[in-house]
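Working through the structure, step by step
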Amino acid sequence: MTPIWYHVRELDAGRAFYNGKLGFTETFLDPDGQWAKLERDGMEIGLAEGEPQEDGGVAHVDVEDVKAVADELRNGGVNVGVVFELHGAMRLLDVFDPDGSRLQFAQEL
């Protein structure tokens, strides 16, 4: 699987956010601390220190209950959008990391 890559201004802070706030598990850390791979429910992402890119890919994480995830993340101080429902088929939630990069959590209905 090819990961979706995100640039973060501070790698350690990015790793802490994705692990601690978004529930990802770190699967690899470059020995020199230049980049890391993380995974959650089959979605693999890569973090590298650098200036965040506005036109990068968007990770898509499937969850059981998007509304519960939205509440949990909001209560944890994470910047989240509104839950958007697609014609009774899917609920989507945009989530933003501290550097403004977007991920999407999804629930099939």
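Residues numbered from 1 in each chain as written. Predicted model: local features only at pLDDT ≥ 70, side-chain atom pairs only at ≥ 80, totals over all residues. Heavy atoms only, no water.

Notes on the sheet that holds strand 2 (residues 25-29)
- Read across the sheet, four strands follow the order 1-4-3-2 without closing on themselves; strand pairing throughout is mixed. Single-partner strands in this sheet number two, and they are strand 1 (4-8) and strand 2. Across the sheet, the mean angle separating the axes of adjacent strands is 30° when strand polarity is ignored.
- Here six bridges tie strand 3 (residues 35-40) to strand 4 (residues 43-49), and the two strands are oriented antiparallel to one another. By the bridge assignment, A36 is partnered in strand 4 with L47. (Pairing = 2+ DSSP bridges. Helix = DSSP H or I, 4+ residues; strand = E, 2+ residues; numbered from the N terminus. Axes fitted to C-alpha atoms, helices over the stretch in contact; angles between N-to-C directions.)

Structural notes on helix 2 (residues 66-75)
- Listing the buried residues of helix 2 in full gives V66, V69, A70 and L73. Relative to the axis of helix 2, the buried residues are bounded by an arc of 100° and lie together on one face. Facing away from the buried side of helix 2, by more than 90 degrees, are the exposed residues E72 and N75.
- Contacts made by the buried residues of helix 2 are with helix 1 (11-21), strand 6 (79-80), strand 8 (90-96) and strand 9 (102-108).
- The N-terminus of helix 2 is capped by D65, whose side-chain oxygen sits 3.1 Å from the backbone nitrogen of K67.
- Downstream of helix 2 by one or two residues, G77 has phi in the positive range, about 85°. (Buried < 20%, exposed > 50% of the residue type's maximum accessible area, 1.4 Å probe, protein only. Arc of directions from axis to C-beta. Contact = heavy atoms within 4.5 Å. Polar contact = N/O pair within 3.5 Å; in protein donor to acceptor, adjacent residues only side chain to side chain.)

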